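Per-entry structural report
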Amino acid sequence: MTSLFLEVCASLIGWIAPYAVLCHLNGHRGYEWNCRLVTLFHGILVVCVTAYIGYVDGPWPFTHPGTKNTPLQVTALVLSLGYFIFDMCWCVYMGTEGPVMLAHHTLSMLGMVLILWLGESGIESCAVLFGSEITNPLLQLRWFLRRLGRYEGLLGDAVDLLFVALFVAMRILLGGYMLYCELSSARPRPVVKAGGVAMYALSWVFMVDIARFAHRKASTRYRRWQERLKLSNGHDGKVD
């Protein structure tokens, strides 16, 4: 465990360092901009690593939950644990996130600590990381577009649509199947199964918020379309 603790500390330093460098070189953009750049890099990195773990290195998470952790799984979890500690501290200090996101970070960190301590169930944890982080780059892209004033338009709509589709597919549908495989298998420990239920329940909390956002945005787009249609008809009528 001492070795794992040192690895997590090294991972934490490894995430703080690029943030500090970005703040020094790109300070005019602000702290949140630079933190989100680090978040974007973590999302891309962990998706690539966990995709390789699930599809190439194995084992298949839907059929082998509860198996012993491999060195690559441990590396992925250590990398992400260090990042989540960094991001949690940043969010709490800056006061940028609400209780739901802080609960997500807390559950994620506790889950990774538990898996590293038990030395098993790393494969399904990496699958959960993959499903959770695959939407993260889109979330960051949406934020950057808003800050640059380029969100209102076709590109912003495409990012939002892809984000919602990926969230539903990965975290609700595949996540639900992953939870079913976890609960129906005799290998994972009860505490790991309980953690899986908690994470999936939190995904549904996010899903409700996303559904409300999608409804508001669709309603706004529909109203604007109706207004443009009325203006177009009125203009045509004057020409006639």
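For the structure itself, consult the block above.
A brief look at the structure comes next. Because the structure is predicted, anything quoted here is derived from the model rather than measured. Position numbers for residues start from 1 in each chain and track the written sequence from start to end. Only residues with pLDDT of at least 70 get local features here, since the model is predicted, and only at 80 or more are side-chain atom pairs given and counted; chain-wide, interface and lining totals rely on the full set of residues. Hydrogens and waters are ignored; side-chain quantities use all the structure's heavy atoms.

Considerations on the pattern of salt bridges
- In what follows, salt bridge is the name for a side-chain nitrogen of Lys or Arg lying within 4 Å of a carboxyl oxygen of Asp or Glu. A complete count under the given rule lists seven salt bridges for this structure.
- For lysine 68, the salt bridge identified is with glutamate 120, shortest N-O distance 3.8 Å. With lysine 68 in the loop between helix H2 (31-57) and helix H3 (71-94) and glutamate 120 in the loop between helix H4 (99-118) and helix H5 (122-133), this residue pair connects regions lying 52 residues apart in the sequence.
- Judged by its relative accessible area of 8%, glutamate 120 falls in the buried class.
- One continuous salt-bridge network, built from bridges that share partners, spans Arg142, Asp157, Asp160 and Lys217. A run of H or I in DSSP becomes a helix once it reaches four residues, and a run of E becomes a strand once it reaches two; helices and strands are each numbered from the N terminus. Three exposure classes are used, based on accessible area relative to the maximum for each residue type with a 1.4 Å probe and protein chains only: buried under 20%, partly exposed in between, and exposed over 50%.

Some points on the nonpolar core
- Among the nonpolar cores identified, the biggest contains 29 residues, and Tyr19, Phe86 and Leu116 are the most heavily contacted of them.
- For this core, the elements supplying multiple residues, two or more each, are helix H1 (2-25), H2, H3, H4 and H5.
- When residues of this core are assigned to their parent elements, the largest contribution, ten residues, is made by H3.
- It only takes one pair of heavy atoms within 4.5 Å for two residues to be counted as in contact. Among residues more than four places away in sequence, those in contact with leucine 116 are Leu4, Asn69, Val74, Leu77, Val78 and Leu81.
- Residues grouped as a nonpolar core are buried Ala, Val, Leu, Ile, Met, Phe, Trp, Tyr and Cys residues, joined through side-chain atoms within 4.5 Å. Core analysis: the second largest hydrophobic core is formed by 13 residues, Leu138, Leu179, Leu202 and Ile210 among them.

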